[in-house]
Structures are given as structure tokens and as C-alpha cells.
Amino acid sequence: MPEIKVTPLGAGQDVGRSCILVSIAGKNVMLDCGMHMGYNDDRRFPDFSYITQNGRLTDFLDCVIISHFHLDHCGALPYFSEMVGYDGPIYMTHPTKAICPILLEDYRKITVDKKGETNFFTSQMIKDCMKKVVAVHLHQTVQVDEELEIKAYYAGHVLGAAMFQIKVGCESVVYTGDYNMTPDRHLGAAWLDKCRPDLLISESTYATTIRDSKRCRERDFLKKVHETVERGGKVRKERKEVKMLKNEEKQIVINAERMNLKAPIYFSTGLTEKANHYYKLFITWTNQKIRKTFVQRNMFEFKHIKAFDRAFADNPGPMVVFATPGMLHAGQSLQIFRKWAGNEKNMVIMPGYCVQGTVGHKILSGQRKLEMEGRQILEVKLQVEHMPFN
Amino acid sequence: MAAHLKKRVYEEFTKVVQQQHEDLSTKKLRLTKPSKSAALHVDLCKATSPADALQYLLQFARKPVEVESVEGVVRILLEHYYKENDASVRLKIASLLGLLSKTAGFSPDCIMDDAINTLQNEKSHQVLAQLLDTLLVIGTKLPDNPSVRMRLVEVACKHLTDSSHGVRNKCLQLIGCLGPVEKGVAKEAESQAARDVQKIIGDHFNDQDPRVRTAAIKAMLQLHERGLKLQQAIYSQACKLLADDYEQVRSAAVQLIWVLSQLYPESIVPIPSSNEEIRLVDDAFGKICHMVSDGSWVVRVQAAKLLGSMQQVSSHFLEQTLDKKLMSDLRRKRTAHERAKELYSSGEFSSGRKWGDDAPKEEIDTGAVNLIESGACGAFVHGLEDEMYEVRIAAVEALCMLAQSSPSFAEKCLDFLVDMFNDEIEEVRLQSIHTMRKISNNITLREDQLDTVLAVLEDSSRDIREALHELLCCTNVSTKEGIHLALVELLKNLTKYPTDRESIWKCLKFLGSRHPTLVLPLVPELLSTHPFFDTPEPDMDDPAYIAVLVLIFNAAKSCPTMPALFSDHTFRHYAYLRDSLSHLVPPLRLPGRKLVSSAVSPSITPHEDPSQQFLHQSLERVYNFQHLDPQGIQELLEFTIRDLQRLGELQSELAGMADFTATYLQCQLLLFKALQEKLWNVAAPLYLKQNALASAAAKQILEETYKMEFMYSGVESRQVVIIHHMRLQAKALQLIVTARTTRGVEPLFGMCEKFLQEVDSFQRCFISELPHMQGSFVDKLLDLMPRLVTSKPSEVVKILQTTLRQSTFLHLPLPEQLHRATANIIEPTGESDNPLRFTSGLVVALDVDATLEHVQDPQGTVKVQVLYPDGQAQLIHPKPADFRNPGPGRHRLITQVYLSHTAWTEPCQIEVRLLLAYNSNRSKASTRVPKSTWSESLEALPPPENGIEGTIPFSKPVKVYIMPKPARR
């Protein structure tokens, strides 16, 4: 029996930097090309020298497949294709192709403009990289060459997230990427036909967790927010990367409308607008409810949401802010966190997973004193809640 | 005598015509028969190419073939079949054979042999399949012929080895539909056929083609439906099919497993991968639960639906459906205790609520964690979270059914149901609210649950809010805070949606009467009384204040200490509300006051109920009036009618009964008055006034009888007879009056004829009831019938007049339950002073919202009438979807009525009302008559009145102020 060889360049026993090399019947496929949030040095990208030591990337790899637009799955792409050098095809779904460059640009800005790093990819590189991308439809079988074929399935994790089946001859591998079996307010559940792969590579961050039912989680979350607001505290909610206007946010907004929550709700980035735009654009990728009602009512217009300005952080009274990035490692969320950390009335809700080394991981692990840049010690008094939505 | 003769001639003539007509038609049939098959024959011979022949056959198929000529046509078709080389033509012929054998009245046994013969030499698979289909039709047409069936089944078995899936499909279908069901029959037949059909079908469960597998399962289900007891051995086979690649196979297999689980619930089956055994129903339940997370949503819906009907399942399996955490190979654990212990000690799964509680405490042996089958675990958790709302609805329904049969499960599923109140799809929310209502006697809501439930009160959909009010009517709340919370939320709801007023009051009424002890401590706060100071008297017309009072008064009914907490104005308000909203405010025993009402103790059973007694007594009195003088009778009737009407107003549960009898007595009174006039004996033309009165009375009686017949639900055939009898009397009266006013015989002749026809039809329709009508008008009339038929109209009229006056008053037997159809227009309220302005010539939509009670088939009968000030009336038929059915006997009409008119100079009021349309053809009498007599009368009778269609207004008219403006240019 011919063997299938799997080499994780990242993400094995770790979260972030997803990058898996699969050799199947003589074909080499790279699954995802992500970055690691916990590091700021070379470790943030997968170690491509594993391949390059034997020759050029393009010669070795037959194709690259990106499962969805989160940076831990696509963050290293410009570096990989432009700086290390890869000219072969990169496959991703249409929504991913549309949203991915925005996130990469955002990431580049934070790293280069804010932190002042050099030797990083440029905007032009992102553009060049995106030119190599081939967009695929769901359930479309793409022949990469005569033998290798790939097929995308709906994964429901974020807009455009897909699972891929890679097939060479009679051997096949299914790579799930991040997927979601419980439909949320926007997206449907992952679905796969009975394709009987020889190997299944699955995301397993929460594999040891059996979560409460979706509705329990939603209720729990809302309760926390409402209680804090009633106390007069401020709620800081991290958004996992740019999760776009996601489930939890939608929920809180709907609830605000229904329960007459008085506190203002802010979104920290201008991305909300863009996100809504893409949701509208890719309506077929959303779940049944949205597909059914988008003609009558735009699900992505909320009167309660306002864009957040840095000056608002010092405003008195309760407020709810959704900020990125979700692991509190940089950017606006970290700034707001520093401002609010001292007051025990405030609360921070961490969605999803936090990579080791980030502020998010530290406070979730119960650390109450944080060492910030410039040797400052930040005392954390606010409440910390964890809410695994994704 | 001339007229008499003429009439007889006429009568006979009609009969002759009918017969002639029949003869003519049969003759026609005979004439066409040879021509038709011959024509076909000629056509087919003429056909030069298969395409031509196909064209001819297609044309032929468009026309129906008469029963007599079927056989001939079949012979011709078969003849051509053998000659034909082209498969498509043969296919068409085969399908035509099937069609022809379906012809009603044709017995296909004569063509069966031929059909079977054709099978022998057929090579084309498609034609074979079609021929088998034809055989299936033939077989189903001959249900009482076991030998034919056996033969067909044998033929089908022979072709089961065919290489085409279509043929195998049809064979299996045939076996399923025709296979022997009783064991005895199978033994009698030859050894070949005695083979077990189940075995034959079962062998095809593993067919290579998914369509054949599906057909095999369906055939098995078909056998089950026909009454064959399926063998338990199939179960394990069916279980394997659950993992099939094709959704239609899985879907059918789920069905089959369910059937088996109902057949053998208590059998014991072994659990694979362990040496333990469980009940079959539990095992099947687990398997079907597993299918709730199937890949195809069609299968998921089906599985979720079937779960609801598996009530024999053991409770611990049932309860697992709500818990995902028991997933680690539950199958090995024997008792619930053991499992529970293991659950707490295992600790390998985290709830995800706390960060890091899933950090591996010790190395998990990978072999020990078994992810074989999730079984029943979390089936409902998954089902309720499903992406497709169809699955969610099915899951909610199943939850409802299971919870109804198991109180402990009801208790447990409550949290999940409450969460479903927040579903994004309205249908799901509504369904879960209804479900909750159905299981509400098994549950008590906790405060946090109540919180979620009450949050739904702000929903913008009226249906949801009202369903929720209904739910609150029958829920149990555990704490006084809960009651307070509910009240506060309901009041909020009231301010936000004032139209919900009635519904909210009603809800509070039940909430109060269910929880008197919980309301008691809240009273001072709710009434805002103060121990030392007088508080201002609240506004009596404030709906919110009324709502609070309704809650308190209903609680006070069973809590005698409560009135002590009331302040003076509360008592005054009580008196006021007791009068104005008597359906919401119960009678109370108030201290230091004389009883406001003669408090009817609720323990009295309906039979002893004094008001019911009163009803019967007064009726009794009326029926015995025969010996009274006319004046006395009239007075007695008048008083009784008045009494009954008042009784109806007082006792809502007797309203239908009282109104019904009052209407009947009213008719009787009218008839009595009309006949009692002394002036009848005087020559008619002189007394126009008298005639006018009588004809008005007749007209009114007719109207009232239609009301009696169509406006009340629960009217039985005994009452219908009486109603029709009354109508007949009214018609007789009409006839008499007309006879006296008109000159000349001609019009009278027709009327007499018609009346006699009606008497005739009455006799036919109610022949079984006639013995009960001794001494009545119709009884006497039927005695005189031979004479009447031969009499002149003037004589007929005379006879009628005397019979009418001599006939006795028929007792109206009362049915068990009688409800009058009522409608109440909630919206528009008719209170607005602001005219609805719109541009003339354009259309404005007026929202109409009404509750209908005791209306049968509202979709067909309820109409909206709009009356414009210029006398123009419009009748609007609401869409069937505009009617909702919130409860038995109740309907809700929420619709839009489009108004339009030319420009007016000033605003004016239009009237909107609801009408109940009826059609005397569809009369309840005709549907209630036993089938045989009905079909007879249907053929024999021309419908008595050619279906008088009419409408009865049954709601109060509401005035709407509108103003069509002239269009601006």
C-alpha cells in the first residue's frame, strides 16, 4: 500500500501557524499557510526551509490549499509565495479570496507601521500573492493536474471556510481546517458526503470539550454582559482576529434591541462595514435563515452599533466594545484592555482559543499581574470570562 | 280535474325523459365500442414507422375508453404488441394496458394471462418494468383472488434476478403489494410460492443498486401496512442499512426500524462489541437518535419525527437525549446509577465554560475512549440546534410527544424548550410555545426560565405573543417574584402593544386563580396601599390597573384573607368590574357586604346546575302549553324567550343552548301569531295588512331557521329535522299567504308543485326521524300526501292551512353541547376620530383582526363585508392562510381588506362586519344522513332549493372613518 506522508510545519499539538504538508501518491500538497500569534520573531511563520533545503518550493509543491481567511491559516501566505518564492497555484474559496487580502493588509499594518518591523512583506507582495490564487466553488472538483484533484466542502467556521478533499488516484485525504458542526446565527453547519478518505486531518482544539448547547452558551454570554452593564461596568470583548460581525456580536445586538440595553455598543474597527458587505455578497454561504430572509430585511444593519473611536474609551458610564485582535496580543484591544484593567466593575470576555504567550492566554490562566512593554506592571482587576464560541 | 290530469301527464313525462336519456347513452356506448377499437386497429396497421404508431397511441391515450370496450381494445393492443419490434412502442402499449386495467368496472382477470405471457419473450428492461407495473395494477384490482396474486408474485420472483434495477424495483413493489399476508394462504399454495416473501424481499436489502434497496425496504413496509407481522430477524439487517451511502435508503431504513421497534418493543437484542443485551425498543431508539445527526436533512427530519412516537423507550435512554456528556460509550453501562457515577468520576470532558478545565489530568488510554456510536446521547440537543428549521420543528414536536407521556422527561427538557423560544425562525418559536403549553401540567417554571419565556413577550409577532399568553395561562410559577416578574412584563407588553389587552387580561385571570398564595404577599405592593396614608385612587379605565385588579380578584377567589387588604375604592372597583368584565372577574365573598352575586359553587356538576335546570324546566313548561288558551300560549312563549335570552347573557357556557332554544321558540311564536289571527277566515284580498304581517313572519322564520342550522356547532340530526320542519311550516305559510293574495292559478300551480317536492325531499332526507314526529305538521301532511298530489292548488292551500293550525308543537331535543358561532372584531376598534385618508381611485389596506368562536370550516364560510355610505356593499373572501387556529373551536382571522372609492367631500364612516356564508346544499343534514340514503336521494332528487346561498351577519359591525381624497394633479 502506497503511503501518505503528513508533515506538520505548524499547528501540530499547537494552535496557530497551521501548515501541513501532505505527500500522497507522489503529489505534495500544502494545507494552509498560517502565522503564529504568540511570537514576533521567525517562529511566527512555518519553517519553510524544511522544503527549500532540497530545492525550490514551486518544484516540490503541486498546490497550496487555504481553508479560510483567519490569519493563523493564511497569514504566512505572502511571505511564503513572494519572499520564499512559490509560483504554483493557491486554492481557496471565493469569499476567502475576497477577505483574505484585507486581513493580510491589516496584519502588515500592525506589524510594520505600529511595531516598526522591517523585513516584512509589503502591500505589493500581498497583491502579487493574490494573483496566484485560484478561486473554487463548493463541491467543485478541480483538477490540479491529471492525477491530483481537490474538492471543497462547506465548513461553517467563518464566511467562506471550507474543508478540502484531496484525491490522487484511489487515495484521498480530507482536511477539515477549522469547522463548526453547530450552525450559528449566520452560518450553517459543516457538511461532508460519504467520501471515505484514507486519512482525515481534523482540527481538534476543542476535541476534549463537550460544550453546552449553543443556546445555553448564548444565554450565558448575554447574562454576563447584562450584569456588567447593570453594574455600570464596561465590557470589553475581544474578537478573534477579524471574525467579522460574528455570532456573538449579532446576538448581543439583537438582544439590545429587544431588551432595551441602554449602554452604547461600539465596534472597534471599520471592518464591520466591509464585513457586512461581504456577507451580503456571499449570501449563499450563510445559513438557511439569512438566505431566506435577505430579500425582506437586511440582517446586517443594526441601529445600535457605532464605530469606536479611541477617545470613547474614557467616556463615563457603561458601554460594550467589540475589539480586535482576540488574543489581546496587540492593537486596539490591548490598548483598551490596559485602560480598563484596573477597575473590578469591568469585564473582558475572551472568545475562542488563546495562544500561549499572548496576554489573552495569561489572563485566562489566572495571572493577575502582567508585565507590559517598558517593564510596566499592569494589575488586572477586571473580571475575565471565557466564552468558547468557535 | 284538468289540472290534475295535466300534472300527472307532466310527471310521467319527466320520468320518460329520464329513461330515454339513459337508453340513449347506453346505445351510444355500444355504437362507439367497435368503432373505437377498430379505429385504433386501423390506425396501428396504417402506421408505417414506430414514431407514427407512437403518435397514434398517444392520441388514443388522451380519450377515455368505456368499460365495455376495454377488453376489445386490450386484445388489439396485445396483438400489436407481439408484432411490434420497437421497444418504445411496446413500452407505450404496456403502459396503456396498465391504464386500461384501471378503468372502473372492468375486471382485468381476463387479460392477466396475456399480460404474463408477454413477459416471457420481452428483452427490453424498460418494457419489462412497465409490464410488471401493469401486472401490479391488475393484481390490485383483484384483491379477493389469492390464486391470481400468488401467480403474479411468482412471476415477480422469477424476474427478481433481472440485471436492470428498474425491473427488480417493480418486482419488489409487486411482491410488497400483492405478497400473501396470512400464513395460511401461503401454505395452501404450491410449494414454490409458499416461500417466505419476507425472505425474498430481505435478500434484496443488500442489492448493489440503492434504488432496489430502497424498493425492498418500501416493499417490506408495504407488507407491514397490509397487516403482515414482520420477522424480528430483519432488524439486524435494517440496522446495517442505516449506514447506507444513499439518503433514500437510510430514510426508508429508519422507517423500517421504527416499525420493528413498535412490533417487538420488549425483545432483547445483543449490543455489538460487548456481551450485553438491551430491549429492542431502546436499541432502535438509540439508532434513530443517531440518525438525528445524519448528513441529509431529510433523514434528520424523519428521524426526529419518529422519535416522538417511541413512547415505550426506557426513561434513562430518553433522558440521555438531552445530555451530550454521557457520550463516552454509554452502551456498556448497565444502570443509570453506574453511569452517573462514572460521569462524575471520569472528568475527561469539559463544559467549555471555564478556561482550562479540560487540561488532561492524567494520560487517557486511547483504547478506552470509544467513539463508536453516540446512540441516544444528545439527540435532541443536536436536533434542536440543527441548521434546518424543518429539523428543529420536528425535534420540538417529538419532544412534545415524549414529554407528554413522561413527566420526568418533561421536567428535564424544559430548559431546552425555553431556549427554543429564542429561535430565529418564527415557526419554531411558535411551535415550541405551543409545545410548552401542551406539557404545562407536568412542569413548574423556575425564575430564570420564566425570565427567558417572558422576554418573548416583546416579540413583534402577534401570534407569538398570544401563544405566550396562552402558555402563561396554564403554567405553574414557583415563586412570588416570578408572579411579579410576569405581571411586570405583561404590563410592559400592554403598553407596547395595546391591542393585546384582552389576551393579557385573560392571561392574568388564570395566573391569579392558579397562584392565590403567591399573589397574596404582593397585594399591598400591587395596589400600592400604605399602612398609614391614603393613596390616590387609580384611574378605573387604565387597562394596566384593570390588569392588576384582574390578577388580584382572581387570586382572592380562593384566598379569603385577601379582601382584608383591599382599600375602599378597591371594593368599588370590584363592583364595577364584576359588572363590566364579568367574564374576567369572579364572584367574591366580601366581608361585611352582602353577597354581590349568589356565588355559584364550582363543585356543582353540570346536571345539578340550577341554570341548566331552569332551562329545562322552562322548556318543559312550554311544551305542555297545549291546554292553554291562545293568549296564554303567546304570553308564555314571550316570557320564556325573554328568560332564555337573559340566561344566555348570564351564563356564558349555556349561551349557545339558550339562544338556540330561544330562536326556536321565537319561530314558534311568530308562526303561532301569524296563524292565530282571527282574520284568516275573512276573504283574503281585503286584509292586506294581515297578509303583510304573515308573510313577514314567514320570511323571518326562514331566516331564523338558517341561522339555527348554520350558526351553531354541535347541532345533531335530531335538531336539523326540527329546523327543517320549521322551515317547511314557514314555507307552507308563505304558500298560503301567496295563495290568498294572488289571483289566477298559474303561479300558484308552480308553487304548489315546488312545495310538494320539498315535502317529498324532506321525507327522503329524514325518513329515519319521522317516527319521532308524531302529530306534527309534516306527519299529518304525509298522511294526506296522496290526496294533496291529486288536488288542485286551492285545495292544497286549504288543507295546508288546516294542518298547520292543527299540528302540534314539536319538542326540540337539546344536544349535549351547543355553541353559537360568534365573531368579535378586535381591530379596527372603531374608536378612531382620525379618518383614514387615501387618494381616491387608489387602494388602502385596512387591517382586520377578529376572533371567531365555534365556526366550523372558517376558511370556506367566513367573509368580510364592507358597507360604504352610498349603500354599496363589498364581500371579501379572506385567504385561507389568514385564519389561524389557536385552540379547539377557536379561530383567528387576521387579514387585510382593501378599500377604495371615488372622492368624497368629507370623511365618512364605513361599516365592516363578518358574515357567515352558508349554502343549503351543503347543509349539515345531508352530510349527516347515513350514506345509503344520501346517495339515493342524491340521484333521485333535484336539490330541493337549488342551493340557496346566503350570509348571516355574526359580528357587530365596526365603523371605520375613511376619507378618499381627490387625486392631486
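Going by an unreviewed UniProt entry, chain B carries the name Integrator complex subunit 4 and comes from Setophaga kirtlandii.

Per an unreviewed UniProt entry, chain A is named Integrator complex subunit 11, and its organism is Setophaga kirtlandii. Taken verbatim from the UniProt record of chain A, the Sequence similarities (unreviewed entry) comment is "Belongs to the metallo-beta-lactamase superfamily. RNA-metabolizing metallo-beta-lactamase-like family. INTS11 subfamily."

## A look at the overall build of chain A
Within chain A one finds 12 helices and 19 strands. Within the span of chain A, comprising 390 residues, buried residues form 58% of the whole. Split by element, the accessible area of chain A, about 16,000 Å² in all, is 48% carbon and sulfur.

## Things to note about the overall build of chain B
Each helix and strand in chain B was counted, giving 41 helices and 14 strands. Residue burial in chain B is summarised as follows: out of 969 residues, 50% are buried. Pairs at least 24 residues apart make up 74% of the contacts formed inside chain B by residues separated by at least 6 positions.

## What to know about the nonpolar core
Generally speaking, soluble globular proteins have nonpolar side chains that are buried together. Residue and element names in this part refer to chain B. The biggest cluster of nonpolar side chains holds 180 residues, and the ones touching the most others in it are Leu 135, Leu 256 and Met 436. Top contributing element to this core by residue count: helix α28 (residues 543-557), with 11 residues. With residues up to four places along the chain from it excluded, the contact list for Leu 256 reads Phe 205, Ile 217, Met 220, Leu 221, Leu 230, Ile 234 and Ala 238.

## Considerations on helix α13 (residues 247-263) of chain B
All names here are of chain B. With 17 residues, α13 should reach 24 Å at 1.5 Å per residue; the first-to-last C-alpha distance of 24 Å fits that figure. Turning to α13, its buried residues number three or more, namely Val 249, Arg 250, Ser 251, Ala 252, Ala 253, Val 254, Leu 256, Ile 257, Val 259, Leu 260 and Ser 261. Tucked into the core, α13 has its buried residues touching α11 (210-225), α12 (234-241), α14 (280-291) and α15 (297-308).

## Details of the packing of aromatic side chains
Summed over all chains, the structure comprises 17 aromatic pairs over all chains. Where Phe 48 of chain A meets Tyr 79 of chain A, the ring centres are 6.0 Å apart and the plane angle is 35°; that geometry is what we call tilted. Taken together, the residues span a long stretch of sequence, with Phe 48 of chain A in the loop between β3 (27-31) and α1 (49-52) and Tyr 79 of chain A in helix α4 (residues 77-85) at a distance of 31 residues. Judged by its relative accessible area of 4%, Phe 48 of chain A is buried. The exposure class of Tyr 79 of chain A is partly exposed, given its relative accessible area of 25%. Members of the aromatic cluster, each reached through a chain of ring pairs, are Phe 45, Phe 48, Tyr 79, Phe 80, Tyr 86, Tyr 107, Phe 120 and Phe 121 of chain A. For Lys 509 of chain B, the ring lying beneath its charged end belongs to Phe 510 of chain B, and the centroid distance is 5.4 Å.

## A look at the pairing of strand β9 (residues 162-168) of chain A
Within a regular strand, side chains alternate between the sheet's two faces. Residues and elements named next belong to chain A. By the criterion of burial, β9 is predominantly enclosed, with six of the seven residues buried. Here strand β8 (residues 148-154) pairs with β9 via seven bridges, running antiparallel. Bridge pairing in β9 links Tyr 154 to Ala 162. Judged from the five bridges that link them, β9 and strand β10 (residues 171-175) form a sheet pairing that is antiparallel. For Gln 165, the partnering residue across the bridge sits in β10 and is Val 174. The turn linking β9 back onto β10 is made up of two residues, and Gly 169 within it adopts a positive phi angle of 60°.

## Remarks on the packing of helix α6 (residues 125-141) of chain B against helix α7 (residues 146-159) of chain B
Residue and element names in this part refer to chain B. Running from amino to carboxyl end, α6 crosses α7 at an angle of 160°, the nearest separation of the two axes being 10 Å. Here α6 lies roughly antiparallel to α7, going by the angle between them. Relative to α7, α6 is oriented so that their crossing is left-handed. Together, Leu 128, Leu 135 and Gly 139 of α6 and Arg 149, Leu 152, Val 155 and His 159 of α7 make up the contact between the two elements.

## As for the sheet that holds strand β7 (residues 844-853) of chain B
All names here are of chain B. Overall, antiparallel pairing links the four strands, which are arranged β5-β7-β11-β10 in an open sheet. Since the sheet does not close on itself, it has two edges, and those belong to β5 (822-827) and β10 (883-887), each with one partner. With direction set aside, neighbouring strand axes in the sheet form an average angle of 25°. In terms of strand pairing, β5 meets β7 through five bridges, oriented antiparallel. Across the sheet, Thr 822 pairs through a bridge with Glu 853, a residue of β7.

## As for the pattern of salt bridges
A full pass over the atoms with the stated rule returns 35 salt bridges over all chains. Here Asp 128 of chain A makes a salt bridge to Lys 131 of chain A, at a shortest N to O gap of 3.7 Å. Note that Asp 128 of chain A and Lys 131 of chain A are positioned in helix α6 (residues 123-131) at a spacing of three residues, about one turn of the helix. Taking the relative accessible area as the measure of exposure, Asp 128 of chain A reaches 27% and is therefore partly exposed. In this structure, Asp 500 of chain B and Arg 465 of chain B form a salt bridge, with 2.5 Å as the shortest nitrogen-oxygen distance. You can see Asp 500 of chain B sitting in the loop between α24 (480-496) and α25 (501-514) and its partner Arg 465 of chain B sitting in helix α23 (residues 462-473), a full 35 residues away along the chain. Asp 500 of chain B sits in the buried class, given a relative accessible area of 0%.

## Focus on the environment of Glu 371 of chain A
All names here are of chain A. Position of Glu 371 relative to the elements: it lies in strand β17 (residues 369-371). Since its relative accessible area comes to 53%, Glu 371 is described here as exposed. Along the primary structure Glu 371 and Val 359 are separated by 12 residues, whereas in three dimensions their C-alpha atoms are 9.4 Å apart. Here Glu 371 is in contact with Gln 376 and Ile 377, once residues within four sequence places are set aside.

## Observations concerning the confidence of the model for chain A
For residues with low pLDDT, the predicted coordinates do not support detailed interpretation. Mean pLDDT over chain A works out to 76, with 70% of the residues at or above the 70 mark. With pLDDT under 50 throughout, residues 238-261 of chain A is counted as low confidence; its partners more than four residues away or in other chains account for 101 contacts.

Each value, and the rule that gives it
- Residues numbered from 1 in each chain as written.
- Chains lettered and ligands numbered in written order.
- Predicted model: local features only at pLDDT ≥ 70, side-chain atom pairs only at ≥ 80, totals over all residues.
- Heavy atoms only, no water.
- UniProt positions renumbered as here; feature names shortened; annotations may be inferred.
- Helix = DSSP H or I, 4+ residues; strand = E, 2+ residues; numbered from the N terminus.
- Buried < 20%, exposed > 50% of the residue type's maximum accessible area, 1.4 Å probe, protein only.
- Areas by Shrake-Rupley, 256 points an atom, 1.4 Å probe, with all protein chains shown as cover.
- Contact = heavy atoms within 4.5 Å.
- Core = buried A, V, L, I, M, F, W, Y, C linked by side-chain atoms within 4.5 Å.
- Expected span 1.5 Å × (residues − 1).
- Phe/Tyr/Trp six-rings, centres within 6.5 Å; stacked < 30°, edge-to-face > 60°.
- Lys NZ or Arg CZ within 6 Å of the ring centre and 35° of its normal.
- Pairing = 2+ DSSP bridges.
- Axes fitted to C-alpha atoms, helices over the stretch in contact; angles between N-to-C directions.
- Parallel < 35°, antiparallel > 145°, perpendicular 65-115°, else oblique.
- Left-handed = near helix turned anticlockwise from the far one by under 90°.
- Salt bridge = Lys/Arg side-chain N within 4 Å of Asp/Glu carboxyl O.
- pLDDT = per-residue confidence, 0-100.

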